[in-house]
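What follows is each chain in one-letter form.
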Amino acid sequence: MSIRTTVTLDEDVLERVKQESRQRGEPFKKTLNDLLRLAVSLDKVSQPRKPFKIRPFENTGPAPGINFDKTNELLDLLEGPWRR
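Because the structure is predicted, anything quoted here is derived from the model rather than measured.

1. Considerations on the overall build of the protein chain
Each helix and strand counted, the protein chain has three helices and zero strands in total. Listed N to C, the secondary structure of the protein chain is α-α-α in terms of helices and strands. For 84 residues, the compact-globule formula gives about 12 Å, and the C-alpha radius of gyration of the protein chain, at 30 Å, lies well above that figure. Along the three orthogonal principal directions, the C-alpha set of the protein chain runs to about 75 × 35 × 25 Å. As presented, the protein chain carries roughly 8,600 Å² of accessible surface, and 55% of it is formed by carbon and sulfur atoms. Computed over 16 positive and 13 negative side-chain charges, the inter-centroid distance for the protein chain is 6 Å.

Here you go:
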């Protein structure tokens, strides 16, 4: 279903939609509807997000008692003795 309505476009927007319509080889109405659908769907997808920040920390090496040379003991410590 479509309805007829009046929309007031700024001159620059009108020219850009006309140009896009010519490039696509499609009627102005179809191009305008396609662009509006795209704009409405992008609004839902692109929510502002907080910037991702990496916070450095001082690495003092492995905790006391952990030996990375003994792989089986390390896996037992991390996953438990039932890992096998």
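Next, the rest of the story.
2. Some words on a negative patch on the surface
Taken together, the side chains of D10, E11, D12 and E15 make up a negatively charged region of the molecular surface. Inspection of the secondary structure puts D12 in helix α1 (residues 11-24).

3. Describing α1
In this model α1 runs 20 Å from its N-terminal to its C-terminal C-alpha over 14 residues, within 8% of the 20 Å that 1.5 Å per residue would give. Positioned one or two residues after α1, G25 has a phi angle of 70°, which is positive.

4. Quick look at the side chain of S21
With respect to the secondary-structure elements, S21 resides in helix α1. Judged by its relative accessible area of 7%, S21 is buried. In contact with S21, other than residues within four places in its own chain, are E26, P27, F28 and T31.

5. A look at the pattern of salt bridges
Inspection of the entire model under this criterion finds five salt bridges. E20 is the salt-bridge partner of R24, the closest N and O atoms lying 3.0 Å from each other. With R24 and E20 both in helix α1 and four residues apart, the pair spans about one turn of that helix. Taking the shortest distance from any N to any O, the salt bridge between K30 and D34 comes out at 3.0 Å. Placement of the pair is K30 and D34 together in helix α2 (residues 28-45), with a separation of four residues, close to one helical turn. Among the charged side chains, a network of salt bridges with common partners joins E20, R24, E26, K30, D34 and R37.

6. Side note on the side chain of T31
Its place among the elements puts T31 in helix α2. Under the relative-accessibility criterion, T31 is labelled buried at 0%. Discounting chain neighbours no more than four positions away, the residues touching T31 are V17, E20, S21, R24 and E26.

Cut-off values and rules
- Residues numbered from 1 in each chain as written.
- Predicted model: local features only at pLDDT ≥ 70, side-chain atom pairs only at ≥ 80, totals over all residues.
- Heavy atoms only, no water.
- Helix = DSSP H or I, 4+ residues; strand = E, 2+ residues; numbered from the N terminus.
- Rg over C-alpha atoms; globule rule 2.2 N^0.38 Å.
- Areas by Shrake-Rupley, 256 points an atom, 1.4 Å probe, with all protein chains shown as cover.
- Lys, Arg positive; Asp, Glu negative; His and termini not counted.
- Charge placed at Lys NZ, Arg CZ, Asp CG, Glu CD.
- Patch = residues over 30% accessible without salt bridge, like charges linked within 9 Å, V, L, I, M, F, W, Y side chains within 5 Å.
- Salt bridge = Lys/Arg side-chain N within 4 Å of Asp/Glu carboxyl O.
- Expected span 1.5 Å × (residues − 1).
- Buried < 20%, exposed > 50% of the residue type's maximum accessible area, 1.4 Å probe, protein only.
- Contact = heavy atoms within 4.5 Å.

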